[in-house]
Amino acid sequence: MMDLAELRSRLAPGGELKGKLLKTCHIAGDELWALGDKSLQPVEPLPPAPFSGELSAGGNSEKASTSAADTLVDALRPLGLAGGGSEAGLPVEISEDDMDALFQRVLAITLKSKFSDGKLPVLASTLNSQMMLIGRRVSPHSLDIKHTSYRKFAKFLEEMESDCLLTISKVKEGVQAVASVVWKHPAFADVEALPDEPSASGPSVKIPSSIRQVYIVNGKTASLFGAVDPNMKKGYEFRSTEGVREVLTTYVKSKDLISKTDSKVINLDQTLMDIAVNKTVSFKGEWPMKWGEVFDKVLKEMSTNHEVVFTNGGSVELRGKLVPMDVKVEKKAGNKLVTAIRNLEGLGMDPAEIARELQQVVGATVNVREEPGGQHSVTVQGDQTKLLDKFFFQTLAMPKKFVTGLEKPGKKG
């Protein structure tokens, strides 16, 4: 390696080197080096040690060269750049044949663990996702189809079909599924199904258990509530409709507005007219309206928020009306499918938290994207509606009334 200042001087006008100054991106001992033959760069022989009067038999020059190489590796090891596989924290490289064998083994374990009880056919993309998850549990090596002789997962499945391990069906152009498995195949001879991974403490995600509508006194209704209690000014909140009903009842009785001929009818005064009919309407005499209709009109004119109560006892108040979480399978460029989850924030849920939890259970790419209006959505590669149905309703125990789009999990559209 060459000192940067020295290199600059050699590139200066009149210097011995010409060209452009390049930033070093790769050095001996880093991860890229570990993928090759792990040969070290030429090392200058160490200066001869002072003569002690004794010579050990055989190969002092070889020892000096080895010592110099060890010195370089030792210098790189504290930086996490030295070779040596797992001892240095780097993945140990395996051959193409070994990666082929690993894929075949993980396929057998995945089929036995996840699809042995009549859960076929299964989409190739779903099988691939499950294999990635199983692979992390059974092998220290990451599954990478590009490091196999197959190069593509579709080719791998075709080879397994030709080996009479499974059969493939075509769902549509470019989409395959595993239709059946030959369980008597020798590949399953010593394979045991893996148990589901236990969850130590369960997800820490905030899950809504109930939602309460909050009714707020505004400019249009302030005169009604202020006449009953001066403290009920603009911005005063009611956590239930019963509180609003009590105020309306108190006001009507105090103004003697109940009809003499029908106790279910109210004769509106100007304050109630401004709320229930129209502020510009003026009248003389009586304007009858039924109790229920007046009550509904008052609620409609009040401002509303909604308070989300979580399973852990916490709560958050959100502006506007409740909009359920929506799950939708969408088609992107290249005929690829993604499953989008929207309006998590409308239920007081954190999209980043949901994305982190999903990444633990799905073997596919999970992203958080910004939507128009400042909201965020979570997208999962592929049609993951079956998995999301289990994730939200079983794992997280989320009430189904807060979710749309999972009425028929596993069916696109």
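Residues numbered from 1 in each chain as written. Predicted model: local features only at pLDDT ≥ 70, side-chain atom pairs only at ≥ 80, totals over all residues. Heavy atoms only, no water.

## Description of the pattern of salt bridges
Phase 1 of the analysis: Using the criterion set out here, one finds 10 salt bridges in the structure.
Phase 2 of the analysis: A salt bridge links glutamate 96 to arginine 151; its shortest N-O distance comes to 3.1 Å. Taken together, the residues span a long stretch of sequence, with glutamate 96 in helix 4 (residues 96-114) and arginine 151 in the loop between helix 5 (124-138) and helix 6 (153-162) at a distance of 55 residues.
Phase 3 of the analysis: A salt bridge links glutamate 301 to lysine 220; its shortest N-O distance comes to 3.3 Å. Note that glutamate 301 is positioned in helix 10 (residues 291-301) and lysine 220 in the loop between strand 4 (208-216) and helix 7 (222-228), a separation of 81 residues in sequence. (Salt bridge = Lys/Arg side-chain N within 4 Å of Asp/Glu carboxyl O. Helix = DSSP H or I, 4+ residues; strand = E, 2+ residues; numbered from the N terminus.)

## Here we look at the sheet that holds strand 8 (residues 303-310)
Phase 1 of the analysis: A sheet is described by the order of its strands in space; here 4 strands give the open sequence 5-4-8-9, paired in antiparallel fashion. On the outer flanks of this sheet lie strand 5 (237-238) and strand 9 (315-319), each paired with one strand and no other. (Pairing = 2+ DSSP bridges.)

## A word on the pairing of strand 11 (residues 336-342)
Phase 1 of the analysis: With respect to burial, strand 11 is a largely interior element, 5 of its 7 residues being buried.
Phase 2 of the analysis: Pairing geometry for strand 10 (residues 325-332) and strand 11, over 7 bridges, is antiparallel. Considered in strand 11, the bridge of aspartate 326 is made with arginine 342.
Phase 3 of the analysis: Taken together, strand 10 and the strand that follows it, strand 11, pair antiparallel across an intervening segment of 3 residues, in which glycine 334 is found at a positive phi of about 75 degrees.
Phase 4 of the analysis: In terms of strand pairing, strand 11 meets strand 13 (residues 376-381) through 4 bridges, oriented antiparallel. Counterpart to threonine 339 in the pairing with strand 13 is valine 380. (Buried < 20%, exposed > 50% of the residue type's maximum accessible area, 1.4 Å probe, protein only.)

## What about the nonpolar core?
Phase 1 of the analysis: Core analysis: the biggest nonpolar cluster contains 28 residues, and Leu107, Leu111, Leu127, Phe156, Leu157 and Leu166 have the highest contact counts within it.
Phase 2 of the analysis: Listing elements by their share of this core, those giving two or more residues are helix 4, helix 5, helix 6, strand 2 (166-172) and strand 3 (175-181).
Phase 3 of the analysis: With 8 residues, helix 4 is the largest single contributor of residues to this core.
Phase 4 of the analysis: Contacts of leucine 127, omitting those with residues within four sequence positions, involve Leu107, Thr110, Leu111, Phe115, Val122, Phe153, Leu157 and Val178.
Phase 5 of the analysis: Membership of the second largest hydrophobic core comes to 25 residues, among which are Leu344, Leu347, Leu388 and Phe393. (Core = buried A, V, L, I, M, F, W, Y, C linked by side-chain atoms within 4.5 Å. Contact = heavy atoms within 4.5 Å.)

## Side note on the packing of helix 5 against helix 6
Phase 1 of the analysis: Contact geometry for helix 5 and helix 6: axes closest at 11 Å, N-to-C directions at 95 degrees. With respect to their mutual orientation, helix 5 and helix 6 come out roughly perpendicular. Along its contact with helix 5, which presents Ala124, Leu127, Asn128 and Met131, the element helix 6 presents Phe153, Phe156 and Leu157.
Phase 2 of the analysis: Class assignment of the residues belonging to the contact of helix 5 with helix 6 gives a composition of 6 nonpolar, 1 polar and no charged. (Axes fitted to C-alpha atoms, helices over the stretch in contact; angles between N-to-C directions. Parallel < 35°, antiparallel > 145°, perpendicular 65-115°, else oblique. Nonpolar A, V, L, I, M, F, W, Y, C, P; charged D, E, K, R; others polar.)

## A word on the side chain of threonine 221
Phase 1 of the analysis: Considering the arrangement of structural elements, one finds threonine 221 in the loop between strand 4 and helix 7.
Phase 2 of the analysis: Owing to a relative accessible area of 0%, threonine 221 belongs among the buried residues under this scheme.
Phase 3 of the analysis: Side chain to side chain, threonine 221 and asparagine 218 meet in a polar contact 2.9 Å long.
Phase 4 of the analysis: The contact partners of threonine 221, leaving out residues within four places of it in the chain, are Ile275, Val298, Glu301 and Met302. (Polar contact = N/O pair within 3.5 Å; in protein donor to acceptor, adjacent residues only side chain to side chain.)

## Overview of the confidence of the model for the protein
Phase 1 of the analysis: When pLDDT is averaged along the protein, the result is 76; 72% of the residues meet or exceed 70.
Phase 2 of the analysis: Under a pLDDT of 50 for its full length, residues 1-7 has, in the predicted model, 6 contacts with residues more than four places off or in other chains.
Phase 3 of the analysis: Contacts from residues 43-91, a stretch scored under 50 in pLDDT, to residues over four places away or in other chains number 39 contacts. (pLDDT = per-residue confidence, 0-100.)

## Overview of the environment of valine 366
Phase 1 of the analysis: Looking at where valine 366 falls in the secondary structure, it is placed in strand 12 (residues 366-370).
Phase 2 of the analysis: Its relative accessible area of 13% is what places valine 366 among the buried residues.
Phase 3 of the analysis: Remark: the alpha-carbon pair of valine 366 and valine 380, spanning 14 residues in sequence, is separated by 4.6 Å.
Phase 4 of the analysis: What valine 366 contacts, discounting residues up to four positions off in sequence, is Ala355, Leu358, Gln359, Val378, Thr379 and Val380.

## Re the sheet that holds strand 2
Phase 1 of the analysis: Strand order in the open sheet made by the 3 strands is 1-3-2, with antiparallel pairing throughout. Taken across any chain shown, the strands that pair with only one partner, and hence form the sheet edges, are strand 1 (122-123) and strand 2.
Phase 2 of the analysis: In terms of strand pairing, strand 2 meets strand 3 through 6 bridges, oriented antiparallel. Along strand 3, the bridge assignment pairs serine 169 with alanine 177.
Phase 3 of the analysis: Of the strands in this sheet, strand 2 and strand 3 touch helix 6, which is tilted by about 135 degrees from strand 2.

## Remarks on the side chain of threonine 379
Phase 1 of the analysis: Note on placement: threonine 379 falls in strand 13.
Phase 2 of the analysis: The exposure class assigned to threonine 379 is buried, which follows from its relative accessible area of 8%.
Phase 3 of the analysis: There is a polar contact of 3.4 Å between the side chain of threonine 379 and the side chain of arginine 369.
Phase 4 of the analysis: For threonine 379, the contacting residues outside a window of four places in its chain are Thr339, Ala340, Thr365, Val366, Asn367 and Arg369.

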